Amino acid sequence: VANIITGIFVDTAMRSAKADHDAVMHEAKLKREECVANVHTVFEELDHDQDGVVTLEEFEVAINCEKMVTYLSVLGLEVADARILFFLLDRDFCGTISIEDFII
């Protein structure tokens, strides 16, 4: 009888652990999707002329805007030097940041 009770307990615990894992994975996926959507929103705010890329000038103007600094702070990004951040994001050194540069 004890083995049966132990077996039921172990089976229940394993099912519960799998359900917890699935819930954690689902929540992580939702957070990632929300983060990507937030990054798109930030990119659209930065791209004033809506040409699909952000220039250094657009970036500096936006980063100096209190609204953008606050928004980036909410996302967990603190911007101390806009030029350094821009050049870190401009991985292909073309002088602009595309949405792909910005997300990756």
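Draft legend 1. Molecular detail of the overall build of the chain. Of the regular secondary structure elements, the chain holds five helices and two strands. Traced from its N-terminal end to its C-terminal end, the chain shows the element sequence α-β-α-α-α-β-α. Structurally, the chain occupies a C-alpha span of about 75 × 25 × 20 Å along its principal axes. Expressed as a percentage of the 104 residues in the chain, the buried residues total 22%.

Draft legend 2. Helix H1 (residues 2-46), seen in detail. With 45 residues, H1 extends 65 Å from end C-alpha to end C-alpha; this agrees with the ideal 66 Å at 1.5 Å per step. Every buried residue of H1 is listed here: Val39, Val42, Phe43 and Leu46.

Draft legend 3. The arrangement of the side chain of Glu58 in detail. Along the chain, Glu58 falls in helix H2 (residues 56-63). One polar contact links the side chain of Glu58 to the main-chain amide nitrogen of His48, over a distance of 3.2 Å. When neighbours within four sequence positions are excluded, Glu58 is seen to be in contact with Leu46, Asp47, His48, Asp49 and Val53.

Draft legend 4. Up close: unusual backbone geometry. Notably, Gln50 is not glycine yet its phi reads approximately 55°, a positive angle. Along the chain, Gln50 turns up in the loop between H1 and strand S1 (53-55). Gln50 gets classed as exposed once you look at its relative accessible area, which sits at 54%.

Draft legend 5. Local environment of a nonpolar patch on the surface. Taken together, the side chains of Phe9, Val10 and Met14 make up a nonpolar region of the molecular surface, amounting to roughly 350 Å² of accessible area. Among the structural elements, Met14 can be located in helix H1.

Draft legend 6. Seen up close, the packing of H1 against helix H3 (residues 66-74). Their axes nearest at 11 Å, the elements H1 and H3 cross at an angle of 165°. The orientation of H1 relative to H3 falls into the category roughly antiparallel. Between H1 and H3 lies a crossing of left-handed hand. Contacts between H1 and H3 involve Asn38, Thr41, Val42, Glu45 and Leu46 from the former and Lys67, Met68, Tyr71 and Leu72 from the latter. Classifying every residue of the contact of H1 with H3 gives five nonpolar, two polar and two charged.

Draft legend 7. Molecular detail of the packing of aromatic side chains. Counting across every chain of the model gives two aromatic pairs. On the basis of an interplanar angle of 85° and a centroid distance of 5.5 Å, the ring pair of Phe86 and Phe87 is categorised as edge-to-face. Assessed through its relative accessible area of 44%, Phe87 is described here as partly exposed. Following the ring pairs from residue to residue traces out a cluster consisting of Phe59, Phe86 and Phe87.

Conventions and cut-offs
- Residues numbered from 1 in each chain as written.
- Predicted model: local features only at pLDDT ≥ 70, side-chain atom pairs only at ≥ 80, totals over all residues.
- Heavy atoms only, no water.
- Helix = DSSP H or I, 4+ residues; strand = E, 2+ residues; numbered from the N terminus.
- Buried < 20%, exposed > 50% of the residue type's maximum accessible area, 1.4 Å probe, protein only.
- Expected span 1.5 Å × (residues − 1).
- Polar contact = N/O pair within 3.5 Å; in protein donor to acceptor, adjacent residues only side chain to side chain.
- Contact = heavy atoms within 4.5 Å.
- Patch = residues over 30% accessible without salt bridge, like charges linked within 9 Å, V, L, I, M, F, W, Y side chains within 5 Å.
- Areas by Shrake-Rupley, 256 points an atom, 1.4 Å probe, with all protein chains shown as cover.
- Salt bridge = Lys/Arg side-chain N within 4 Å of Asp/Glu carboxyl O.
- Axes fitted to C-alpha atoms, helices over the stretch in contact; angles between N-to-C directions.
- Parallel < 35°, antiparallel > 145°, perpendicular 65-115°, else oblique.
- Left-handed = near helix turned anticlockwise from the far one by under 90°.
- Nonpolar A, V, L, I, M, F, W, Y, C, P; charged D, E, K, R; others polar.
- Phe/Tyr/Trp six-rings, centres within 6.5 Å; stacked < 30°, edge-to-face > 60°.

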